[in-house]
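Examination of the molecular architecture
Residues per chain, in single letters:
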Amino acid sequence: MPRVESEVPLPPMKAFAMTNPPRHSRRDFLRGSGFALGAAILAACGGADARPAATATAPPSPTTPPPPAATPPAPTPSPAPTPVASLEEKIGQMLMVGFAGTVLEAGSPFAAAVESGRVVNTVHFARNVASPGQLAALDASLQALSPVPMLIATDQEGGQVARLRPAQGFPAAVSAAELAALNNLDITRQRGATTARALAAAGINLNLAPVVDLNANPSNPVIGAIGRSFSASPGVVTDQALAFIAGHHDNGVLCTLKHFPGHGSSTADSHLGFVDVTETWSEVELEPFRRIIAAGQADAIMTAHIFNANLDPDLPATLSHATIEGVLRGDLGYDGVVITDDMQMGAISQYYGFEAALELAINAGADIIAIANMLAYDASAAPSAFTAILNAVNAGRIPTARIDQSYQRILKLKAKLA
């Protein structure tokens, strides 16, 4: 989601016209999703394996009464179970929605959606940011209102793609191309840490970065030409990205690799329309993803809305089961969270119906659907998406097991934030 949105008056968001599902407390969610795993392990240490071995004694004489029977070992406590969540709650976990404004207005439709659990993740753009203090207050109010912990994301890659700017009081973030030109992994890690500290202080826990697309086409208008790629070399991209990620992890912020399976060779911008990389893409573009996954450092991966007939002759990557389940999960062995790029971008919205695209993306293996409202704010998009997904599941077009699978992946990702 690289483009900087224009600041135009935004219409109010429509309310979700649905009955609230049963709500589980934040404590229940934290307990069930792994935040209390350490407590369960400590409790288990009091079980049979922790008991001291019995001391050997001589057999009793016939005149000596037999000793009392040994007390049976206490059962080992089981880890706390995952709380039972309703279908509506699970779908809420799968939506990442952008909104308007620098404060969370009490009683607003968006606030109601957060409070009900129908929007449990959000993404910030410049329209949400005025200063470090303002953004920290906004994100604290979001987390306080949500029944479960939220993923609060932004694109803070550096260079031209940075939602938090020095003019607003945030540290400058240099581009991937500038970091690679310095050729110093310690500096890259330090820069990543500086960015992460600013994000964490503002309440943002997920950076939609780094870009690990190869700079296969330096004239690429959305990648190479604006300095978003580290290098044309998969080794350089991997090393730089790992250092950038380490700086974030040092400060408690998660990262997102993008744009799978590789946007660096394109000649057009998928924000604006159809992008075909069939003739320009090569398999080497998978290498940074493959290596970072193998290193265990891929928190989340964002798909590209590119069409690549080498991988799927019919559908772009975001909607392609062959690409997400076949290549990313099958060939590369990734079982973490997959986030779509903004589903309102031209490459999707101009060629696929909104509801059909949602179904295709989820059935392809996407876990979080981004409805960023980045290019043109659409107040109806989020409630429409929620209803469309719910109806598709109830009608059997999206299997319940597919929703459950995404829900469990999202819980594991959020557990990392403990």
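Residues numbered from 1 in each chain as written. Predicted model: local features only at pLDDT ≥ 70, side-chain atom pairs only at ≥ 80, totals over all residues. Heavy atoms only, no water.

To continue, consider the overall build of the protein chain. Secondary structure assignment for the protein chain yields 14 helices and 10 strands. For the protein chain, with 418 residues in total, the buried portion stands at 52%. Put simply, of all contacts in the protein chain between residues at least 6 apart along the chain, 80% involve residues at least 24 apart. (Helix = DSSP H or I, 4+ residues; strand = E, 2+ residues; numbered from the N terminus. Buried < 20%, exposed > 50% of the residue type's maximum accessible area, 1.4 Å probe, protein only. Contact = heavy atoms within 4.5 Å.)

Strand order in this open sheet of eight strands is S9-S8-S7-S6-S3-S2-S1-S10, and the pairing throughout is parallel. The open sheet is flanked by strand S9 (337-339) and strand S10 (369-371), the only strands paired with a single partner. Pairing of strand S8 (residues 300-303) with S9 involves three bridges; the strand directions are parallel. Within S9, the residue paired with Ile 301 across the bridge is Val 338. In the packing of helix H13 (residues 381-394) onto the sheet, the strands contacted are strand S1 (95-97) and S10, and the crossing angle to S1 comes to about 170°. (Pairing = 2+ DSSP bridges. Axes fitted to C-alpha atoms, helices over the stretch in contact; angles between N-to-C directions.)

Our next topic: the nonpolar core. Leu 142, Ile 301, Ile 339, Ile 369 and Ile 389 are the most contacted members of the largest nonpolar core, which totals 96 residues. Here the element with the most residues in this core is H13; it accounts for nine residues. Setting aside its immediate chain neighbours within four residues, Leu 142 contacts Phe 99, Leu 104, Phe 110, Val 114, Thr 122, His 124, Met 150 and Ile 152. (Core = buried A, V, L, I, M, F, W, Y, C linked by side-chain atoms within 4.5 Å.)

Moving on: the packing of aromatic side chains. For the coordinates displayed, the defined rule picks out two aromatic pairs. With centroids separated by 4.3 Å and ring planes inclined at 15°, the aromatic side chains of Phe 99 and Phe 110 adopt a geometry described as stacked. Taken together, the residues Phe 99 in the loop between S1 and helix H4 (109-116) and Phe 110 in helix H4 connect sequence positions 11 residues apart. No difference in accessibility class separates Phe 99 from Phe 110, as the two residues are buried. Between Phe 260 and Phe 289, the aromatic rings sit 5.1 Å apart at their centres with planes inclined by 85°, giving edge-to-face as the arrangement. Of this pair, Phe 260 sits in strand S7 (residues 254-260) while Phe 289 sits in helix H9 (residues 287-294), and the two are 29 residues apart along the sequence. (Phe/Tyr/Trp six-rings, centres within 6.5 Å; stacked < 30°, edge-to-face > 60°.)

All right, on to the confidence of the model for the protein chain then. On average, residues of the protein chain score 84 in pLDDT, and 78% of them are at 70 or above. In the model, residues 2-23 has pLDDT below 50 throughout and makes 63 contacts with residues more than four positions away in sequence or in other chains. Within the model, pLDDT remains below 50 along residues 30-81, and this stretch shows 29 contacts once partners closer than five positions in the same chain are excluded. (pLDDT = per-residue confidence, 0-100.)

Time to look at the environment of Asp 299. Following the sequence through the fold, Asp 299 ends up in the loop between H9 and S8. Placed 115 residues apart in sequence, Asp 299 and Lys 414 show a C-alpha to C-alpha distance of 9.9 Å. Setting aside residues up to four positions removed in sequence, Asp 299 forms contacts with His 249, Leu 254, Cys 255, Tyr 334, Val 337, Leu 413 and Lys 416. Side-chain polar atoms of Asp 299 contact the side chain of His 249, separated by 2.7 Å. At 2.9 Å, the side chain of Asp 299 forms a polar contact with the backbone nitrogen of Cys 255. (Polar contact = N/O pair within 3.5 Å; in protein donor to acceptor, adjacent residues only side chain to side chain.)

Turning next to the pattern of salt bridges. Evaluation of the coordinates by the stated rule reveals 15 salt bridges. When the shortest N-O distance is used, the salt bridge between Asp 367 and Arg 329 registers 2.8 Å. Of this pair, Asp 367 sits in the loop between helix H12 (354-364) and S10 while Arg 329 sits in helix H10 (residues 321-331); the two residues are 38 residues apart in sequence, bridging distant segments of the chain. By relative accessible area, which is 0% here, Asp 367 ends up buried. Residues joined in a network through salt bridges with shared partners are Glu 325, Arg 329, Asp 335, Asp 367, Arg 402 and Arg 409. (Salt bridge = Lys/Arg side-chain N within 4 Å of Asp/Glu carboxyl O.)

Glancing now at the pairing of strand S3 (residues 151-154). The alternating pattern of S3 places Leu 151 and Ala 153 and Ile 152 and Thr 154 on opposite faces, both of which are buried. For strand S2 (residues 121-124) and S3, the ladder comprises four bridges, and the chain directions are parallel. Bridge pairing links His 124 to Thr 154 in S3. Crossover handedness for the path S2 to helix H5 (residues 132-145) to S3: right-handed. Alignment of S3 against strand S6 (residues 206-207), held across two bridges, turns out to be parallel. Within S6, the position partnered with Ala 153 by the bridge is Leu 206. (Right-handed = clockwise from strand over helix to strand, strands pointing away.)

Tracing the chain through its elements places Gly 235 in helix H8 (residues 234-249). Residues Gly 235 and Glu 287, spaced 52 residues apart in sequence, show a C-alpha to C-alpha distance of 8.2 Å.

Each pair of packed helices can be described by the angle between their axes along with the distance between the axes. In contact at an axis separation of 7 Å, helix H7 (residues 185-201) and H8 are set at 40° when each is read in the N-to-C sense. In terms of orientation, H7 lies oblique with respect to H8. Where H7 crosses over H8, the handedness of that crossing is right-handed. Mapping the contact onto sequence places Leu 185, Thr 188, Arg 189, Gly 192, Ala 193, Thr 195, Ala 196 and Leu 199 in H7 and Asp 239, Gln 240, Ala 243, Phe 244, Ala 246, Gly 247 and His 248 in H8. Tallied by class, residues from the contact of H7 with H8 come to seven nonpolar, six polar and two charged. (Parallel < 35°, antiparallel > 145°, perpendicular 65-115°, else oblique. Left-handed = near helix turned anticlockwise from the far one by under 90°. Nonpolar A, V, L, I, M, F, W, Y, C, P; charged D, E, K, R; others polar.)

Further remarks concern H4. Buried residues of H4: Phe 110, Ala 111, Ala 113, Val 114 and Ser 116, and no others. Of the residues flanking the end of H4, it is Gly 117, one or two places downstream, whose phi is positive at about 85°.

This part takes up the pairing of S2. Neither face of S2 is left uncovered, since the one carrying Asn 121 and Val 123 and the one carrying Thr 122 and His 124 both have all their residues buried. Pairing of S1 with S2, which is carried by two bridges, proceeds in the parallel orientation. The residue of S2 that forms the bridge with Met 96 is Asn 121. Between S1 and its parallel partner S2, the chain crosses via H4, and the hand of that crossover is right-handed.

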